Amino acid sequence: MSILEYNGGCVVAMAGKNCVAIASDKRLGVQLSTIAMDCNRVFPMTDSLYLGLTGLHTDVTTLHNLFNFKLNLYAMREGRTIKPTTFASLVSSTLYEKRFGPYFAEPVIAGLQADGTPFLCAMDLLGAMAVADDFVVSGTCAESLFGTCETFFRKDMNPDELFETLGQSLMAALDRDCISGWGVDVHIITKEGVTTKSLKARMD
Amino acid sequence: MERPMSASGAPEWMTAEHSMGTSIMAVAFDGGVVLGADSRTTTGTYIANRVSDKITPMTDSIFCCRSGSAADTQAISDYVRYYLDMHVVEMGTPPLVKTAARLFRELCYSNKTQLMAGMICAGWDSAKGGQVFCVPIGGSLVEQPFAIGGSGSTYIYGYCDAHYKEGMTKEECQAFVKNAVALAMSRDGSSGGVIRMVTVDKDGTDRTCFGGEQVPSF
């Protein structure tokens, strides 16, 4: 089994009209054995910027701590919150610094820019960025997620439609992956704020 | 994006063997047996079939639970069903559960280097009533009051040892199997889907399936 499949898990983010949503499963495992069903792999970096990380969970935790540290210093030096595009570049260079001994984590960034338009991007473990205007996926069931998201996605969804579409896309993909699942958390980010909802999913 | 590749460069899920990670079990009661299994078949970590049927009929009142390589166990159970059909023609009476179990053992032991199959053979016959035989990988044969198998069984040894009692009724056995398989499914990544259950007694066979909300949660 590949090192990126050791702990399992997946993250997906989708864009709507002036809103984004990011969702993940909650399983933490050691290969095929499940050891936790409440693990968090999506983290708020600013009020309107979320970072989701899949892959080896120790690197997920380390990178989360590292980016919190970097953002705190950024806020102190710049006196403002970081823009999503800038943060994405920060994540990309942090990962590429370790080009020949990488962190085994693949991030997904979802945020709202200053004018309210959504920003989505995903990266591989070396920091290669892929910006999308519809959806981005990462994790052990990424192939399945591409399929379900491509099928269910429509442009300009409102927050409620976005929540429904993203939740259903993720749950359908989870049904076909052994090492993801055990619950779903969805965060919907709008100019007014962030709403977090949990979905009941298959517990196998 | 890094993905596990096979030697030819294709993604693992396109070339890996179909495996039934599985949680299977069978329990004998006075007058019959209850067999239970999950329904997940995997190719690597991709779930190739999430509603598979791992409880296979050998005769009207003898069944087997299959775990390990899907191809190997399908081939073995096809052979055993064929041999039992011939046996019935020759003997004129329904076969004994022990006979079916011995046939499984013969195939699994003689071909042990090439097979990956863990089977549980259980059923009812008029000679000894309900019986459960376990034929694990390697090809040994053990008769037990109840047997558990598959990768998910490792998580429920304690539960089964604690909750099994001699002299359980049919309904108690069904509840025992349902809870045990549900527990194994919740911890083992290679087990999941629906719980299939087959109850065999002298009056015939009853097949049930528990899915979604009906699967016990803990």
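Everything in this summary refers to the structure shown in the same document. (Residues numbered from 1 in each chain as written. Chains lettered and ligands numbered in written order. Predicted model: local features only at pLDDT ≥ 70, side-chain atom pairs only at ≥ 80, totals over all residues. Heavy atoms only, no water.)

1. A short note on helix H2 (residues 84-97) of chain A
Residues and elements named next belong to chain A.
- Its 14 residues give H2 an end-to-end C-alpha distance of 20 Å, which sits within 8% of 20 Å, the value for a rise of 1.5 Å per residue.
- By the burial criterion, the buried members of H2 are Pro84, Phe87, Ala88, Val91, Ser92, Thr94 and Leu95. Taken end-on, H2 shows its buried residues confined to a sector of 165°, consistent with a single buried face. (Helix = DSSP H or I, 4+ residues; strand = E, 2+ residues; numbered from the N terminus. Expected span 1.5 Å × (residues − 1). Buried < 20%, exposed > 50% of the residue type's maximum accessible area, 1.4 Å probe, protein only. Arc of directions from axis to C-beta.)

2. Some words on the sheet that holds strand S13 (residues 204-210) of chain B
Residues and elements named next belong to chain B.
- The antiparallel open sheet is built from five strands, whose spatial order is S11-S2-S3-S12-S13. The outermost strands of the open sheet, each flanked by one partner alone, are strand S11 (146-149) and S13. The sheet shows a mean angle of 10° between the axes of neighbouring strands, direction not considered.
- Where strand S12 (residues 195-201) meets S13, seven bridges bridge the pair, whose relative direction is antiparallel. Residue Val200 lies in a different strand from S13, and its bridge partner there is Thr205. (Pairing = 2+ DSSP bridges. Axes fitted to C-alpha atoms, helices over the stretch in contact; angles between N-to-C directions.)

3. Structural notes on the environment of Gly189 of chain B
- On the secondary structure map, Gly189 of chain B appears in the loop between helix H5 (170-187) and S12.
- On the basis of relative accessibility, which here comes to 0%, the residue Gly189 of chain B falls in the buried class.
- For the pair Gly189 of chain B and Thr45 of chain B, spaced 144 residues apart in sequence, the C-alpha to C-alpha distance is 8.6 Å.
- Apart from residues lying up to four places away in sequence, Gly189 of chain B is in contact with Leu32 and Cys178 of chain A together with Arg40 of chain B. (Contact = heavy atoms within 4.5 Å.)

4. Quick look at the pairing of strand S6 (residues 55-59) of chain B
All names here are of chain B.
- Of all five residues that make up S6, four are buried, and the element is covered over most of its length.
- Relative to strand S7 (residues 62-69), S6 is paired through four bridges, and the arrangement is antiparallel. Looking across to S7, one finds that Pro57 is bridged to Phe63.
- In textbook terms, the turn of a hairpin is the stretch between consecutive antiparallel strands, and for S6 and S7 this stretch comprises two residues.

5. Looking at the pattern of salt bridges
- Within this structure, the stated rule accounts for 15 salt bridges over all chains.
- For Arg41 of chain A, the salt bridge identified is with Asp25 of chain A, shortest N-O distance 2.8 Å. Here the residue Arg41 of chain A occupies a position in the loop between strand S4 (33-36) and strand S5 (42-46), and Asp25 of chain A occupies one in strand S2 (residues 20-25), the gap between them amounting to 16 residues. Taken individually, Arg41 of chain A and Asp25 of chain A each receive the classification buried, so the pair is uniform in this respect.
- Salt-bridge contacts for Lys202 of chain B lead to Asp203 of chain B; the nearest nitrogen and oxygen are separated by 3.7 Å. Like Asp203 of chain B, Lys202 of chain B is exposed.
- One continuous salt-bridge network, built from bridges that share partners, spans Asp175, Arg202 and Asp204 of chain A together with Arg40 and Arg50 of chain B. (Salt bridge = Lys/Arg side-chain N within 4 Å of Asp/Glu carboxyl O.)

6. Considerations on the sheet that holds S5 of chain A
Residues and elements named next belong to chain A.
- Spatially, five strands are ordered S5-S6-S7-S8-S9 in an open sheet, and the strand pairing comes out antiparallel. Here the strands that pair on one side only, and so sit at the sheet edges, are S5 and strand S9 (129-132). Strand-to-strand, the axes of this sheet are offset by a mean angle of 20°, without reference to chain direction.
- Looking at chain direction, S5 and strand S6 (residues 49-55) are connected through four bridges and run antiparallel.

7. Details of the interface of chain B and chain A
- With 26 residues of chain B at the contact, the number on the chain A side is 29 residues.
- Between chain B and chain A lies a buried interface of about 2,300 Å² when both sides are counted; carbon and sulfur atoms form 43% of it.
- Between chain B and chain A we count three salt bridges in total.
- Linking Asp204 of chain A and Arg40 of chain B is a salt bridge whose minimum nitrogen-to-oxygen distance equals 3.1 Å.
- For the pair chain B and chain A, the number of links is twelve residue pairs in polar contact (both at pLDDT 80 or more).
- When contributions to the side of chain B that touches chain A are tallied by element, the ones reaching two or more residues are helix H1 (12-15), strand S5 (46-49) and H5 of chain B.
- A total of four residues in the side of chain B that touches chain A trace back to one element, the largest contributor, which is S5 of chain B.
- For the side of chain B that touches chain A, a count of residues per class yields nine nonpolar, nine polar and eight charged. (Buried area = accessible area lost by both parts, 1.4 Å probe. Polar contact = N/O pair within 3.5 Å; in protein donor to acceptor, adjacent residues only side chain to side chain. Nonpolar A, V, L, I, M, F, W, Y, C, P; charged D, E, K, R; others polar.)

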